[in-house]
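Below, each chain spelled out in residue letters.
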Amino acid sequence: MATKMAAQDRSSASQDRENEDFVDALDSLPQPRGFSKSAHLDLDTSIRESDLALNLFFNNKFAQAQELMQPWADKSMYHALGYGTILYIQAVMTFDMADIELAIEAIKKSVIVCNQVRKKSSFMSSLSKFASKNDYNGYTEEEIHAELCYAECLLVRACLTFIQDENLISFIKGGLKIRESYKIYKECHKILRNRKVGTDRYKVHFDSGVCMGIGTFNLMVSLLPSKIMKLMEFVGFSGKKKLGLSEIQRGCELRIGLRSKLCAIILVVYHSLITYILGSGDGDIELATETLKPCLKDHPQGALFLFFAGRLEEVKGNIDEAVNKFEDSIESQSEWRQFHHLCYWELMWCHCFKSDWLMAMKYAERLCKESRWSKATYTYQKASFLIMCSDQTEETKKHIDYLLGEVPRLKQRIAGKSLPFEKFAVAKSERYFQQGGHLTLPALELIYVWNGFNIVGKNRQLLERMLVVVESTVTELAGQSESASKDKYYYDNYSLALLIKGVCLRHRGQEFQAEQCFTEVIENEKKLVSDHYLIPYSMVELAILHLHQERFEETKKHLEKVKKQYRGYYLENRLHFRMHAIRLDLKTAMNSEGDSQSLSDTFGQDAINNHVRQDDEDLDDMFADAEDLSATMK
């Protein structure tokens, strides 16, 4: 282990020899950098160089990929898109304002370059669209690809807007860019279906791009809980999960398509990350594993694909195999060290799942030193893991005191908002001192709120190890019930331990005992002082339990109660994402029972399942409802 961690700071001697075939391929391509600035780069060369840049990127040659795209970024739409996207990825990873500004300037130019190639419409042809269908056969190959690249550029530009600016108007502007991007993707989908050109040699590349755009939009919007859906409806669209997954899957199957591997990445991210962090952990891991295999075959040392291989092993419960894959990803490259942070984060959780608190703390410490995301979160995680260590010295306790004393000072604001988890970490840090230097099962609480028990539950050995600790804590606290009147936070601590015990028992298959735990937590509602989030979370756990038991009416009742009666608790939005995933599972189950209509009526799923049509002239309504929109985002 120590050898592998030390190797993270070294460049592999073999890295310069990796993928020499891709570097050598430059010699076989037309060399546009030798042309005059007035030269025109044809579509064939643009696509070939973009494909080469993607291969360089996937093989950890990030600087070479950027250098290949930059010289023609002001002339070629694909070079402009590629260069801007690389800078965008770098900006997201570093979160450095200078990188963000550079990426914004690059993507603004990309939008201009793509727009110059798009099909120009005269006033009369615009009027004719109201009377007849658009003649898609009149588009040239370059013009349809310009539409696609333009949509992608708008989407990246919107994402950068959200990162850079802090006010409501900026969020509205970003939303409008996303809406315009989505409208263009739908237009590209119509082009794909209706344009009849038998000799279109670039159709597979266009097809893969349409699949990626339509699929991703539908999939991601379908994940949003109802109160965020208000924002999405506001800017003119909604999404369907089945359509999204089918389109992305089709894009993966277009193996020679320029964006087919990007579709593969999106599919793997959805099934291995998003469904676990924001949903109920029901991703199709077998499909994701099969989807990743060709990518690993083509790029065996690609840091990104090795990371996903590790993540897939992790969600299968194969923690040791996952650790090896993450370490391989780290060792595979040192050019973009920000990629390492993804692996450090997962390695931290892997060791946490193994109850190796000291190793988990070391990775949290590395993240705290190197990552710009949330030092308050990393610091709280460090302290939580140390608290779980059984052999604490006086020096360790002093260090825990120092770390938790620093958490409130490290709290930050991003896009004008405090991070929800930082608020949680600050509250828990303050509670530590209010309780005389004590927290109850803080690391297991972290695993729970990050949805980690959906992973731990797949490994019986890890689950049993945690259950022993939890039951010991519950027994110890139950023995102190007589002194509860003297301990202000007794029922908060006892209820937390009960909730975690119930989750462990549910994953163990002891559903009756799990239900008893969740019910007892809910019965303690009026006795809680601080951890009010335990009540709605326990109700959602009951909903999950009853869904598995096909007690659908009780599932609906619990979800509706949480939705209507509870507000302002810790990590509320995170729970709403889980609730939305449960509603979708419930809808599927009730469809098979012939009772889907009642579910739609109960939860208002029409807004999610039906496309919202809103024309451009409705902007006045948007600003009239800006106050409601602001409340929704909060």
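All right, on to the overall build of the protein chain then. Broken down by element type, the protein chain carries 33 helices and 2 strands. Counting only residues that meet the buried cut, the protein chain has 55% of its 634 residues in that class.

With that settled, consider empty space enclosed by the protein. Throughout the structure, instances matching the rule amount to 2 cavities of 30 Å³ or more. Space inside the largest cavity adds up to approximately 120 Å³. Within the residue set of the lining of the largest cavity, elements represented by two or more residues are α13 (260-277) and α29 (572-592). There is about 40 Å³ of room inside the second largest cavity. For the second largest cavity, the full set of lining residues is Lys428, Arg431, Leu439, Thr440, Pro442, Glu445, Asn493 and Leu496.

Bringing the environment of phenylalanine 353 into the picture now. Among the secondary structure elements, phenylalanine 353 is positioned in helix α17 (residues 338-353). In this structure phenylalanine 353 comes out as buried when scored by relative accessible area, which is 3%. Distance in space between the C-alpha atoms of phenylalanine 353 and isoleucine 455 is 8.4 Å, their sequence separation being 102 residues. Setting aside residues no more than four positions away along its own chain, phenylalanine 353 makes contact with Glu314, Ile319, Ile447, Gly452, Ile455, Val456, Leu462 and Met466.

What follows deals with the side chain of asparagine 218. Mapped onto the elements, asparagine 218 comes out in helix α10 (residues 203-222). Within the structure, the side chain of asparagine 218 is placed 2.9 Å from the backbone oxygen of isoleucine 214, a separation counted as a polar contact.

Let us look at the confidence of the model for the protein chain. With 80% of its residues at a pLDDT of at least 70, the protein chain reaches an overall mean of 83. Low confidence marks residues 126-132, where pLDDT is under 50. Its contacts with residues over four positions away, or in another chain, come to 3 contacts. Below pLDDT 50 for its whole length, residues 595-634 participates in 76 contacts with residues either more than four positions away or in separate chains.

Turning to the packing of aromatic side chains, a few remarks are in order. Counted by the stated rule, this structure contains 32 aromatic pairs. With a centroid separation of 5.7 Å and an interplanar angle of 85 degrees, the aromatic rings of phenylalanine 57 and tryptophan 336 are classed as edge-to-face. One end of the pair, phenylalanine 57, is in helix α3 (residues 43-58); the other, tryptophan 336, is in the loop between α16 (319-332) and α17, with 279 residues separating them in the sequence. Side by side, phenylalanine 57 and tryptophan 336 carry an identical accessibility label, which is buried. Their ring planes at 85 degrees and their centres at 6.0 Å tell us that tryptophan 345 and tryptophan 373 sit as a pair that is edge-to-face.

Counting through the fold element by element, leucine 56 comes out in helix α3. Spatially, the C-alpha atom of leucine 56 lies 9.6 Å from that of glycine 302, the residues being 246 residues apart in sequence.

All right, on to the pattern of salt bridges then. Any two side chains of opposite charge can pair if their charged atoms end up close together. Applying the stated criterion across every chain yields a total of 25 salt bridges. Here lysine 261 and aspartate 298 are joined by a salt bridge, their closest N and O atoms 3.2 Å apart. Placement of the pair is lysine 261 in helix α13 and aspartate 298 in helix α14 (residues 285-298), with a sequence separation of 37 residues. A salt bridge links glutamate 554 to arginine 551; its shortest N-O distance comes to 2.9 Å. When salt bridges that share partners are traced, they join Lys428, Arg431, Glu445 and Asp531 into one network.

All right, on to helix α21 (residues 420-434) then. Counted at 1.5 Å a residue, the expected span for α21 with its 15 residues is 21 Å, and the 21 Å between its end C-alpha atoms agrees. Just downstream of α21 lies glycine 436, where phi reads positive at about 75 degrees.

Take the state of the cysteines next. Across all of its chains, the model carries 0 disulfides by this definition. Cysteine 149 takes part in no disulfide bond, and the closest cysteine sulfur to it belongs to cysteine 114, at a distance of 5.0 Å. Judged by relative accessible area, which is 0%, cysteine 149 ranks as buried. With no disulfide of its own, cysteine 263 lies 5.4 Å from the sulfur of cysteine 252, the closest cysteine sulfur.

Rules of the game
Residues numbered from 1 in each chain as written. Predicted model: local features only at pLDDT ≥ 70, side-chain atom pairs only at ≥ 80, totals over all residues. Heavy atoms only, no water. Helix = DSSP H or I, 4+ residues; strand = E, 2+ residues; numbered from the N terminus. Buried < 20%, exposed > 50% of the residue type's maximum accessible area, 1.4 Å probe, protein only. 1 Å grid on protein atoms, 1.4 Å probe; cavity = no way out; pocket = protein on both sides within 12 Å on 5 of 7 lines; lining within 4 Å. Points joined across faces, edges and corners; volume = space filled by probe spheres on them. Contact = heavy atoms within 4.5 Å. Polar contact = N/O pair within 3.5 Å; in protein donor to acceptor, adjacent residues only side chain to side chain. pLDDT = per-residue confidence, 0-100. Phe/Tyr/Trp six-rings, centres within 6.5 Å; stacked < 30°, edge-to-face > 60°. Salt bridge = Lys/Arg side-chain N within 4 Å of Asp/Glu carboxyl O. Expected span 1.5 Å × (residues − 1). Disulfide = S-S within 2.5 Å.

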